[in-house]
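What the coordinates show
Now for the letters of each chain:
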Amino acid sequence: MEAVRLLQDAIRFQQALCDTTFGKELIPEASPVLWYGRPGPNQWLTIGTNPSRGEFLHRDGTSRTGQHQKFYWRDTLSFDDYLGNEEALQQTLERASVYFESGRATTNWFGKPHGAKLEALLNGMGRSFYDHPAAVIHVDFFKFATYEQMGKMRTGRHWMEHPTSIELLERTIAYIKPIRIIVLGRDNCRALNGFSTIGRLSAYPAVTYEIGRHDSGIPMIGLHMKPSEVFVGLGNVRDSNGLHYGSYAKREHLLKIGEAIDTIMDEWLADGRV
């Protein structure tokens, strides 16, 4: 089964990373996260950076267990034992697949059903993480949880764009076979080939988008913003239309941003651009 082989190769890369100086940045017992949500046909795929520590740890640093557990914990299993433990591998895949179904999604990043954050942007495009069957699935560039944010680590970007990391991402995309890809974050957009058009939304001029096709031909949208981390640090500033940047984070505006980008993408596709 390709999903199991993909997971095993991710575990091998995690094991190799733990033997580098970067290994101290990893949460070692945390399983690789192949995806958030259940893979299925005709899905959209969002791509972020890497699993946050909150997916595996409470604020006080203790492990999420019991009803608070989201993903598989390797616990006392060695990497070698994990690789050969079919039950552990299947539990890892299933926990990732039920991420939204189980009601344990990190809503302060993904957003609640009918809420704000990334969910609101997707709603503006006519999609939702909480549809049944799943209409959208999320993956990360780097499949391993770290104690600190990747952007704050000196070598974080290096390991995110390591050839093995990129290979795992591309294999994940090939396995899911999405019909549209949305890449979140300017640096993540730069790390993927295929974008050919760049622009800003006239109604929301702080929103920069890119459009193109993945190497496999899948239509691809890139957002330099992350809807769950919008314009942090801009302070009490308004855009050229007089709208406060803080308003961009509200559901009503994220819906409009999503709708506008979806319309631009549809027009781009109708023009037959490549």
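Let us look at the structure shown here. (Residues numbered from 1 in each chain as written. Predicted model: local features only at pLDDT ≥ 70, side-chain atom pairs only at ≥ 80, totals over all residues. Heavy atoms only, no water.)

**Things to note about the environment of Pro-113**
Structurally, Pro-113 is set in the loop between α4 (107-110) and α5 (117-124). For the pair Pro-113 and Arg-5, spaced 108 residues apart in sequence, the C-alpha to C-alpha distance is 33 Å. Once residues within four sequence positions are removed from consideration, Pro-113 is found in contact with Glu-119 and Tyr-130. (Helix = DSSP H or I, 4+ residues; strand = E, 2+ residues; numbered from the N terminus. Contact = heavy atoms within 4.5 Å.)

**A short note on the nonpolar core**
With 84 residues, the main nonpolar core has Trp-35, Ile-47, Phe-142, Leu-223 and Ile-257 as its most contacted residues. If we skip the residues at most four places from it in the chain, Leu-223 touches Leu-121, Ile-182, Val-183, Leu-184, Gly-185, Arg-186, Cys-189, Thr-208, Tyr-209 and Ile-261. (Core = buried A, V, L, I, M, F, W, Y, C linked by side-chain atoms within 4.5 Å. Buried < 20%, exposed > 50% of the residue type's maximum accessible area, 1.4 Å probe, protein only.)

**Some thoughts on the sheet that holds strand β4 (residues 195-200)**
Read from one edge of the open sheet, six strands run β2-β1-β3-β6-β5-β4, paired in mixed fashion. Each edge of the open sheet is held by one strand with a lone partner, namely β2 (136-140) and β4. Across the sheet, the mean angle from the axis of one strand to that of its neighbour is 20 degrees, orientation sign disregarded. Bridge count for strand β1 (residues 44-48) against strand β3 (residues 180-184) is four bridges, and the pairing is parallel. (Pairing = 2+ DSSP bridges. Axes fitted to C-alpha atoms, helices over the stretch in contact; angles between N-to-C directions.)

**A short note on the layout of surface pockets**
Reported here for the largest pocket is a volume of approximately 1500 Å³. Along its surface, the largest pocket is lined by 46 residues, and Ser-52, Trp-109, Gln-149, Lys-226 and Glu-229 are the ones closest to its centre. The set of elements that each furnish at least two residues to the lining of the largest pocket consists of α4, β2, α6 (156-160) and α8 (186-190). Grouping the constituent residues of the lining of the largest pocket by class yields 14 nonpolar, 18 polar and 14 charged. (1 Å grid on protein atoms, 1.4 Å probe; cavity = no way out; pocket = protein on both sides within 12 Å on 5 of 7 lines; lining within 4 Å. Points joined across faces, edges and corners; volume = space filled by probe spheres on them. Nonpolar A, V, L, I, M, F, W, Y, C, P; charged D, E, K, R; others polar.)

**Focus on the packing of α5 against helix α9 (residues 251-270)**
Viewed as axis vectors pointing N to C, α5 and α9 meet at an angle of 45 degrees, and their least axial separation amounts to 6 Å. Here α5 lies oblique to α9, going by the angle between them. When the axes of α5 and α9 are compared, the crossing they make is right-handed. On α9, the residues that touch Lys-117, Ala-120, Leu-121, Asn-123 and Gly-124 of α5 are Arg-251, Leu-254, Leu-255, Ile-257, Gly-258 and Glu-259. Across the contact of α5 with α9, the residue classes tally to five nonpolar, three polar and three charged. (Parallel < 35°, antiparallel > 145°, perpendicular 65-115°, else oblique. Left-handed = near helix turned anticlockwise from the far one by under 90°.)

**What to know about the pattern of salt bridges**
Counted according to the given criterion, the structure contains 11 salt bridges. One salt bridge in this structure joins Asp-9 and Arg-171, with 2.7 Å as the shortest N-O distance. Note that Asp-9 is positioned in helix α1 (residues 2-18) and Arg-171 in helix α7 (residues 163-176), a separation of 162 residues in sequence. Given the relative accessible area of 27%, Asp-9 is considered partly exposed. (Salt bridge = Lys/Arg side-chain N within 4 Å of Asp/Glu carboxyl O.)

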